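Here's the letter readout for the chains.
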Amino acid sequence: MKARGFCGLPVVAIALAGLTAARADADELRIGFLMPVTGSLAQIAIDSINGFKMYLDDHKGEFHGATVKFIVEDTQAKPATAVLKAEKLIKQDQVQMLVGGVLASTGYALAPVSTREKVIYIASIPASDNLTQRDADKYPYFARTGWSSSQPSHPFGEWACANGIKKVVTIAADYAFGYEVVGGFQRTFEQCGGQIVQKMWPPINLVDYSPYISSIKSDADTIFILPVGAGVLQLPKQLAAAGIIPNKRLIGAGTSFDEFVLPQMGDEVVGAVGALQYSAALETPKNEAFVKEYRTRFGKVPSYFSESNYTTALMFDAVMSQTGGKWPGSKEFLDFLVKLKVDAPRGPVSFDDLRNPIQNIYIRKVEKKKMFGYPNDELWNTIIKTYPNVGQFWTFDRAEYLKEPAYTRDYPPCKYCE
Amino acid sequence: MTGVSRQGRVLAALALLLAVAVVTPHTTPFLLLLVTRILILAILAMSLDLLLGFTGIASLGHAAFLGLGAYLTAILAVRYEFGLGWDFGLVILFGSVLGAATSAVFGLFAMRASGVYFLMITLALSQCVWGLAYRWDTLTGGDNGLNLPGRPVLGPIQLSNDTAYFYVVFAFFAVSLLALYVLVESPFGKSLVGIREHEVRMRILGYNTWLHKYIAFIVSGAFGGLAGVLWAQVSGQVSPDNVTLTTSVDALLMVVLGGPGTLLGGVLGAGIVLFLREYLSTLVPWWQYVLGGMYVLTIFYLPDGVLGTLRRRLRKARITPTVDARPRPRRGQELEINGGGIE
């Protein structure tokens with residue numbers, strides 16, 4: 001790699017001679033970080049920025065000799081604004097890569113920008129399945145360091161079967177992320193004998209769920225929730241107020257009880273179970289150190305958003321250690337990245353050839369307890385089961401899987417919704 | 001308003017626009033992108049100004065027209081590969097026609113009402129368009145939206161070049177401004193102002209005020225559709241976010257901020273809003289307070305908007321005070337109510 005880079009150097013130099021500015025200074029890494037800093041997703045943005053910055057500050061703003069210029073831009077959670085800010089970062093700040101975004105729509109809006117401008121886009125949060133599945137060919141400059149939405153759902157469905165859950169009602173946000181998380185769960189859960197008896201799709205950012213709650217079928221034994229935005233605190237509270245929980249079991253997407261919001265939640269979520277690739281309560285020395293440092297610096301436990309972006313920085317550092325602090329070029333950087341095997345706070349992470357992480361999936365149960373020597377009883381996502389090295393296709397045959405349509409509002413069809 | 005002063009104003013506006021056209025491509029790449037967007041939203045704001053400023057009816061549904069134009073462009077490009085070459089001209093035409101046709105349908109419902117009720121009906125209609133965009137995902141891609149394959153190529157001119165696209169947008173902006181200016185200066189435009197000032201009197205004078213307002217609504221929809229087509233190509237993607245209430249409110253605020261009944265006020269308003277929101281947000285995290293403060297101050301101290309107040313000052317200096325002392329039109333009052341409701 002290195003040798004080829006040096007041979008090519010004069011050619012590159014000649015090619016760039018006429019241009020105003022060379023995109024890649026050898027020892028400066030310019031990273032554009034796109035986050036919805038204002039609006040209902042602001043807490044997620046803060047956790048994400050803090051995660052990345054913590055790694056950066058720990059390494060004095062350098063990745064193996066490359067000075068990192070970290071530029072945060074506000075997407076306002078609007079796809080069109082995300083595109084404008086991305087173009088600003090590329091054309092004006094001349095960043096070598098874009099990182100971030102939160103919502104699926106932002107991910108889908110930014111991926112084509114990366115193709116068009118031939119600049120890397122790393123989705124540390126957006127999890128829309130198709131970006132690394134059916135559409136992966138369209139986005140050669142795209143990679144994911146977080147997860148795909150249905151990745152934790154597949155093992156979660158099997159876990160639900162094995163733990164006495166029979167009939168489930170889902171209440172999930174009405175967009176790609178909701179469809180994919182629920183779809184993945186439904187697929188494996190119904191394969192092993194479970195039944196989804198009702199699927200409801202309230203809009204994103206809803207704050208009053210009572211019309212949905214009042215129509216929950218009484219014969220269900222479990223409620224699966226996935227609120228996004230303003231309603232994350234509200235939905236469990238309203239379920240408890242309506243007496244639905246604890247009569248029925250509460251499960252949901254990992255994000256429903258994630259640490260970005262868990263400290264603000266009440267006892268109604270104790271016992272709730274979700275699945276994700278990270279939990280702040282993961283008892284490994286690496287994670288304990290991570291949680292303690294993060295909490296000391298920012299006053300709260302890290303969420304998966306913090307960890308995901310911290311790990312993204314860690315991966316960039318690992319790539320730069322292989323190139324000796326030199327920018328290798330976009331394609332080459334991605335090649336290095338997807339060959340990595342890193343030991344992150346969430347556990348071991350590697351990549352499949354569609355540039356999606358292969359990682360542990362943890363089944364996490366909310367418990368009120370003391371951890372890591374902190375004095376007070378607090379809510380923690382205790383890990384009750386680990387599925388090691390889970391890829392985005394679970395145990396399915398990849399070719400078969402990709403032939404089927406993506407999970408949508410109506411797919412898989414709801415067979416037991418009479 | 002004397003002939004000389006109008007000429008002076010037109011010349012000043014022309015010089016300013018010419019300066020924008022010449023200078024913008026030589027500033028930073030980000031400013032070029034931003035000004036392109038400002039010009040597109042300025043078309044939307046001007047089309048709304050025709051209703052709000054000249055006819056005196058406030059619509060909360062203008063995002064629908066922007067959305068329709070944008071979705072039409074995206075669907076044609078993604079599903080039929082149409083509009084990627086010279087046929088982009090046809091897309092512009094279709095977009096405007098779709099905007100006009102939709103407002104013709106909406107107008108049948110909305111024009112029965114006035115004031116707050118008109119506001120509510122237009123809001124409801126635009127939410128219908130949002131619902132379609134969000135729910136009809138086989139056609140619109142749902143919340144994920146649609147990604148366009150790239151900007152059109154017109155012979156040797158690649159519109160993917162930001163400067164080239166800026167000039168295309170500028171040309172349509174200039175044409176829209178001219179067309180709307182001619183319209184509001186025409187007898188038809190004067191009758192709209194008459195409706196704004198005193199609809200009953202206009203009716204007694206024999207004007208079919210319903211038809212006048214209806215036509216103004218259709219024209220406004222057509223320019224909204226045009227803005228939508230250009231908008232789809234500037235961001236390369238279309239999502240339900242373009243059709244939300246926020247976008248409608250933004251358009252309304254741009255007009256109120258710049259000065260209703262001035263056309264160029266919408267342009268100025270679009271400039272101020274986008275500049276504060278998109279440019280200031282790259283510099284400081286507290287840009288929202290500046291934007292919010294700006295709205296509040298405008299409503300308190302410049303109820304006629306920036307240009308409206310400027311024009312009134314200029315007129316005051318020139319014309320005898322007796323003329324100016326006549327009671328202020330109720331438009332100012334109405335705007336205050338609208339602004340308050342939105343915040």
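Everything below is about the structure printed above this text.
Read on for an overview of the structure. Just so it is clear, the structure is predicted and the values come from calculations on it, not from any experiment.

## Here's the deal with the pairing of strand β5 (residues 120-123) of chain A
All names here are of chain A.
- In β5, alternate side chains face the same way, and those of Ile120 and Ile122 on one face and Tyr121 and Ala123 on the other are all buried.
- Relative to β5, strand β4 (residues 97-100) is paired through three bridges, and the arrangement is parallel. Bridging from a neighbouring strand, Leu98 pairs with Tyr121 of β5.
- In this fold, β4 hands off to helix α4 (residues 104-117), which returns the chain to β5; that crossover is right-handed.
- Here β5 runs beside strand β6 (residues 142-144); their pairing, made up of three bridges, is parallel. Bridging across to β6, Ala123 finds its partner in Arg144.

## As for the interface of chain B and chain A
- Contacts between the two partners involve 23 residues from chain B and, on the opposite side, 23 residues from chain A.
- At the level of secondary structure, the elements contributing two or more residues to the side of chain B that touches chain A comprise α2 (29-55) and α12 (264-283) of chain B.
- Considering each element in turn, the side of chain B that touches chain A owes the most residues, four residues, to α2 of chain B.
- Residues that form the side of chain B that touches chain A fall into these classes: four nonpolar, 14 polar and five charged.

## Quick notes on the packing of helix α2 (residues 42-58) of chain A against helix α10 (residues 304-323) of chain A
All names here are of chain A.
- Where α2 contacts α10, the axes come no closer than 7 Å and their chain directions differ by 35 degrees. For the element pair α2 and α10, the recorded crossing hand is right-handed. Contacts between α2 and α10 pair Ile44, Asp47, Ser48, Asn50, Gly51, Phe52, Met54, Tyr55 and Leu56 from the former with Phe305, Ser306, Glu307, Ser308, Asn309, Tyr310, Thr312, Ala313 and Leu314 from the latter.
- Across the contact of α2 with α10, the residue classes break down as nine nonpolar, seven polar and two charged.

## Remarks on the environment of Val228 of chain A
Residue and element names in this part refer to chain A.
- Within the secondary structure layout, Val228 lies in the loop between β9 (222-226) and α8 (234-241).
- Residue Val228 is classed as buried on the basis of its C-beta count, with 26 C-beta atoms lying within 10 Å.
- Here the alpha-carbon distance between Val228 and Tyr175, two residues 53 residues apart in the chain, equals 9.9 Å.
- Contacts of Val228, omitting those with residues within four sequence positions, involve Ala173 and Ile204.

## Focus: helix α3 (residues 79-91) of chain A
Residues and elements named next belong to chain A.
- Over its 13 residues, α3 extends 18 Å from the first C-alpha to the last, a length consistent with the 18 Å expected when each residue adds 1.5 Å.
- Within α3, 12 of the 13 residues are buried, which leaves the element mostly enclosed by the surrounding structure.
- Among the residues making up α3, those that are buried are Pro79, Ala80, Thr81, Ala82, Val83, Leu84, Lys85, Ala86, Glu87, Lys88, Leu89 and Ile90.

Cut-offs applied
Residues numbered from 1 in each chain as written. Chains lettered and ligands numbered in written order. Predicted model: local features only at pLDDT ≥ 70, side-chain atom pairs only at ≥ 80, totals over all residues. Buried ≥ 20, exposed ≤ 12 C-beta atoms within 10 Å, placed from the backbone. Helix = DSSP H or I, 4+ residues; strand = E, 2+ residues; numbered from the N terminus. Pairing = 2+ DSSP bridges. Right-handed = clockwise from strand over helix to strand, strands pointing away. Contact = placed C-beta atoms within 7 Å. Nonpolar A, V, L, I, M, F, W, Y, C, P; charged D, E, K, R; others polar. Axes fitted to C-alpha atoms, helices over the stretch in contact; angles between N-to-C directions. Left-handed = near helix turned anticlockwise from the far one by under 90°. Expected span 1.5 Å × (residues − 1).

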